[in-house]
Amino acid sequence: MEIFHIGAECYPAAKVGGLADVVGALPKYQNTAETQVRVVIPCYDNSFRKENNFECVHWSTLQLGKFNFPFSVLKESTNKLGFELYLVEIPELFDRPNIYSYEDDIERFLSFQIATLDWIIGRGTVPDVIHCHDHHTGLIPFMMTYAFKYEKLRNTSTVITIHNGLYQGQFGFDKLHYLPQFDLVHVNVLEWGNCINSLAAGIKCADAITTVSPSYLNEINYSANGLESLFRMVRHKSKGILNGIDNQVWDPEKDPMLDLNYAIATQEKGKQENKEELCTLFNLDPTKPLFSFIGRLYDEKGADLLPQASKLALSENNEAINILVLGSGNSEIENQLTELSLDYKGSFNVFIGYDEALAHKIYAGSDFLLMPSRVEPCGLNQMYSMRYGTIPIVRRTGGLKDTVVDFGDDGNGICHDQASVEDICDAIKRAIKLYGDQSSINKIRIKGMSTDHSWERVCQEYIELYNLIITKRNEN
Ligand code: ADP
C-alpha cells in the first residue's frame with residue numbers, strides 16, 4: 001500500500017504545534033515493508049531547509065487562476081525521519097520563515113495543494129491513499145473528485161484528519177477561478193456559510209474523516225465553529241482515533257534536550273535535579289511545587305485565564321508555589337503574564353516565544369502541567385507530561401477527557417470541569433495537598449510514565465481504516 005500524508009507541518013521540518021508532531025510521527029510508525037509512506041509539506045525558509053540535503057525530484061509551473069508559479073519538489077536525501085519527506089518549494093509564496101499568518105495564506109496553501117497533486121499525477125504510479133491533515137489540505141479530496149486534470153486520481157482513497165476544526169480556510173467565491181477546472185454543477189460542494197470552506201469541502205469529499213480523539217468527535221456535533229450540522233451528516237464515515245506520541249523523541253531516559261536523563265526507577269531524583277536546573281534558569285524556588293503551562297497563548301487553550309488564576313493561586317497560597325509559562329500568541333495575554341513575572345519575582349516567570357528544547361526541560365522539571373483548555377481536540381502536552389512524570393491538571397474536554405482520569409478515581413492526573421479561574425485554583429489547591437504526600441505523588445508519576453501512548457498501538461487503527469475505504473471503493 002502506498003500512502004501520502006499531506007499537511008502544513010511535520011516535525012522536525014516545520015512545527016507550530018501538535019499537527020507537526022503527528023505528521024512527523026504517525027508516518028514513521030506506519031512505514032513498513034507492506035506500507036510505503038511518503039509525507040509532503042511546503043518548503044519554508046527555515047533551519048531544516050538550510051541544514052539538510054535534498055534532491056530535486058520534479059520541477060514545473062503551477063497555475064492558480066491567471067497566475068503561474070514555478071515550483072519544485074525536493075526529497076530529503078537520507079530518509080532520516082523514517083519515511084520519505086518531500087518539500088514543495090514555491091519560492092514566491094513560501095520562501096518565508098513562518099508557516100502561517102500571511103495575508104496570502106489562501107493563495108499559498110491552494111498553490112501547495114495544486115502543486116502536490118500536479119506532481120503526484122505525473123509520477124508513474126498512483127497512491128492507494130491520500131491522507132490530508134486539516135484545512136490547508138481540505139481542497140485536495142474535492143480536486144481529486146471533480147477537477148478534470150486529476151481524473152487519474154479518481155480511484156485513490158482519501159482521508160482527512162481534523163486536528164483542529166476551529167480553523168477552516170474560508171474564502172470568497174471571487175477566488176473560485178483559482179481552482180483547476182471542474183464541472184460547475186458541483187460548485188455547491190465547496191460551499192459552507194456562503195463562502196468556499198476548505199475544511200467543509202474536504203469533509204464532504206473524503207472517504208473517511210478522523211478526529212484526533214473519540215471525545216472530540218462527539219463534541220464537534222454541537223460545537224465546531226459552524227460545521228456542527230455537517231459533522232452530524234457525515235458521522236457514518238467518521239472515526240475518532242486518539243493520537244499517540246513518539247516515544248523515541250519523547251523519552252526522559254534518552255532525551256538529548258535534557259542535561260539530566262532519568263527513568264521510572266530513578267524518577268524521584270531525576271525529576272528533582274531537572275527541577276533544580278529549571279528553577280535556577282527562571283529564578284524560582286525548587287523546594288516549592290512547580291506548576292507549568294506550555295502552549296499557544298489563546299482563549300481556546302484557556303490561556304486568557306492564566307494571569308488571573310496565577311495571581312489568585314499565588315496570593316491564596318502565600319506564594320508557596322512556583323508557576324512557569326512557555327508560550328506565545330495573544331499579545332494582551334503575553335503582556336499580562338510579563339507584568340506578573342515582575343510583580344511575583346521568584347514565584348512566577350514566563351518565557352514568551354517558541355523553544356522546543358525548553359519545552360522538553362519543562363516537561364521534565366515540573367511537578368504539574370496546567371491545561372485549562374476550552375477546546376482540546378487531542379492535546380499532546382498531557383501525554384508528554386505523563387511520560388516525563390509530570391502530573392497533568394486538565395479541564396475535562398476533548399482528548400484530555402480521553403487520556404486523564406482524576407487521582408480521586410485512582411487515575412493519573414487532576415481534572416476539573418470548567419475553564420474558569422475558580423476551577424483552576426481549586427485544582428491547584430488539590431495539587432498542593434497531593435504534593436505533600438510523596439508516596440502518592442510517586443505512585444501517580446509512575447502510573448503516567450508507564451502508560452502506553454505509543455503510535456505502534458494507534459497506527460494499526462489507521463491501516464484498518466485505509467483497508468476499509470479501499471475495499472469500499474473497489475466494491476463501488
Ligand atoms: P496544539 O493545539 O498547539 O497543536 P498540542 O497539545 O496538540 O496543541 O501540541 C502542542 C505541541 O507544541 C507540543 O509538542 C508542545 O510541546 C509544543 N509547543 C507549544 N507551544 C510551544 C512553545 N512555545 N515552545 C515549544 N513547544 C511548544
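Residues numbered from 1 in each chain as written. Predicted model: local features only at pLDDT ≥ 70, side-chain atom pairs only at ≥ 80, totals over all residues. Heavy atoms only, no water.

Caption draft 1: Inspection of the pairing of strand E6 (residues 129-133) at higher detail. Across the five residues of E6, five count as buried, placing the element largely inside the fold. Every second residue of E6 is oriented toward a common face, with Val129, His131 and His133 on one face and Ile130 and Cys132 on the other, all of them buried. Where strand E1 (residues 2-6) and E6 come together, four bridges link them in parallel fashion. Following the sheet pairing, Ile6 is matched in E6 by Cys132. Crossover handedness for the path E6 to helix H5 (residues 139-146) to strand E7 (residues 157-162): right-handed. (Buried < 20%, exposed > 50% of the residue type's maximum accessible area, 1.4 Å probe, protein only. Helix = DSSP H or I, 4+ residues; strand = E, 2+ residues; numbered from the N terminus. Pairing = 2+ DSSP bridges. Right-handed = clockwise from strand over helix to strand, strands pointing away.)

Caption draft 2: Inspection of the sheet that holds strand E11 (residues 208-211) at higher detail. One open sheet accounts for nine strands, arranged E3-E4-E5-E2-E1-E6-E7-E11-E12; its pairing is mixed. Both outer strands of the open sheet, strand E3 (54-64) and strand E12 (238-240), are each paired with one neighbouring strand and no more. Going from strand to strand, the sheet's axes swing by 20° on average, the running direction of each strand aside. Judged from the 10 bridges that link them, E3 and strand E4 (residues 67-76) form a sheet pairing that is antiparallel. Opposite Trp59, over in E4, you have Ser72 as the bridge partner. (Axes fitted to C-alpha atoms, helices over the stretch in contact; angles between N-to-C directions.)

Caption draft 3: Highlighting helix H16 (residues 438-450). Taking 1.5 Å as the rise per residue, H16 with 13 residues should run 18 Å; its terminal C-alpha atoms sit 18 Å apart, in good agreement. For H16, the full list of buried residues reads Ile441, Asn442, Ile444, Arg445, Gly448 and Met449. Contact partners of the buried residues in H16: helix H9 (267-281), strand E16 (368-371), helix H13 (381-387), strand E17 (391-395) and helix H15 (421-435). (Expected span 1.5 Å × (residues − 1). Contact = heavy atoms within 4.5 Å.)

Caption draft 4: Spatial organisation of the layout of surface pockets. Approximately 230 Å³ is the volume found for the second largest pocket. Lining the second largest pocket are Asp207, Ala208, His236, Lys237, Ser238, Lys239, Leu465, Leu468, Ile469, Lys472, Arg473 and Asn476. Of all the secondary-structure elements, those providing two or more residues to the lining of the second largest pocket are E12 and helix H17 (455-475). In terms of residues, the lining of the second largest pocket owes the most to one element, H17, which gives five residues. Class assignment for the residues of the lining of the second largest pocket results in four nonpolar, three polar and five charged. (1 Å grid on protein atoms, 1.4 Å probe; cavity = no way out; pocket = protein on both sides within 12 Å on 5 of 7 lines; lining within 4 Å. Points joined across faces, edges and corners; volume = space filled by probe spheres on them. Nonpolar A, V, L, I, M, F, W, Y, C, P; charged D, E, K, R; others polar.)

Caption draft 5: Region of interest: empty space enclosed by the protein. Here the structure, examined in full by the defined rule, presents one cavity of 30 Å³ or more. Estimates place the volume of the largest cavity at around 40 Å³. Secondary-structure elements contributing two or more residues to the lining of the largest cavity are strand E2 (36-42) and helix H2 (47-51). Here the lining of the largest cavity is composed, by residue class, of eight nonpolar, one polar and one charged.

Caption draft 6: Quick peek at the packing of H9 against H16. It is the contact of H9 with H16, at a shortest axis distance of 11 Å, that shows an interaxial angle of 95°. Put simply, H9 runs roughly perpendicular to H16. Contacts from Gln267, Glu268 and Lys271 in H9 reach Gln438, Asn442, Arg445, Ile446 and Met449 in H16. Each residue belonging to the contact of H9 with H16 can be placed in one class, and the counts come to two nonpolar, three polar and three charged. (Parallel < 35°, antiparallel > 145°, perpendicular 65-115°, else oblique.)

Caption draft 7: Main features of the domain arrangement of the protein chain. Under the domain assignment, the protein chain is made up of domain 1 (2-244 + 456-475) and domain 2 (264-451). The C-alpha centroid of domain 2 is placed 33 Å from the C-alpha centroid of domain 1. At the interface, 19 residues of domain 1 touch 16 residues of domain 2. Buried surface at the junction of domain 1 and domain 2, both sides included, amounts to about 1,400 Å², of which 56% is carbon and sulfur. Taken as a group, Ser215, Glu219 and Leu242 account for 26% of the area that domain 1 buries against domain 2, more than any other trio of residues on that side. Residue Lys15 is joined to Glu356 by a salt bridge in which the shortest nitrogen-to-oxygen separation is 3.3 Å. Counting every contact that joins domain 1 to domain 2 gives nine residue pairs in polar contact (both at pLDDT 80 or more). Listed by contribution, the elements that provide at least two residues to the side of domain 1 that touches domain 2 are helix H1 (18-30) and helix H7 (214-219). For the side of domain 1 that touches domain 2, the leading source of residues is H7, giving four residues. (Domains from an automatic or database assignment. Buried area = accessible area lost by both parts, 1.4 Å probe. Salt bridge = Lys/Arg side-chain N within 4 Å of Asp/Glu carboxyl O. Polar contact = N/O pair within 3.5 Å; in protein donor to acceptor, adjacent residues only side chain to side chain.)

Caption draft 8: Summary view of the nonpolar core. Within the largest apolar cluster, 76 residues are counted, with the highest numbers of intra-cluster contacts made by Leu85 and Met143. At nine residues, helix H4 (residues 105-122) tops the list of elements feeding residues into this core. When residues no more than four places from it in sequence are discounted, the contact partners of Leu85 are Cys10, Ala13, Val39, Ile41, Phe48, Leu74, Lys75 and Glu76. Judged by nonpolar contacts, the second largest core, of 51 residues, contains Val159, Leu284, Met386 and Cys415. (Core = buried A, V, L, I, M, F, W, Y, C linked by side-chain atoms within 4.5 Å.)

Caption draft 9: Looking closely at the confidence of the model for the protein chain. Scored by pLDDT, the protein chain has a mean of 97; 100% of the residues are at 70 or more. E16 holds the highest mean pLDDT among the elements of the protein chain, 99, whereas H17 holds the lowest, 94. (pLDDT = per-residue confidence, 0-100.)

Caption draft 10: Representation of the pattern of salt bridges within the structure. Under the definition given, this model contains 27 salt bridges. Notably, a salt bridge pairs Asp104 with Arg96, separated by 2.8 Å at the nearest N-O pair. For the salt bridge of Asp406 with Arg430, the shortest nitrogen-to-oxygen distance reads 2.8 Å. Taken as a pair, Asp406 in the loop between helix H14 (398-403) and strand E18 (414-416) and Arg430 in helix H15 lie far apart in primary sequence, 24 residues in all. Since its relative accessible area comes to 5%, Asp406 is described here as buried. Arg430 sits in the partly exposed class, given a relative accessible area of 32%. Within the structure, one salt-bridge network assembled from shared partners comprises Glu2, Arg38, Glu84 and Arg123.

Caption draft 11: Region of the structure containing the packing of H4 against H5. As a packed pair, H4 and H5 sit with axes 10 Å apart at the nearest point and diverge in direction by 45°. When the axes of H4 and H5 are compared, the pair comes out oblique. Helix-helix and strand crossings are classified by hand; for H4 and H5 the assignment is right-handed. Each of Leu110, Gln113, Ile114 and Leu117 in H4 lies in contact with H5, whose residues at this interface are Leu139, Ile140, Met143 and Met144. Looking at the contact of H4 with H5 residue by residue, the class counts come to seven nonpolar, one polar and no charged. (Left-handed = near helix turned anticlockwise from the far one by under 90°.)

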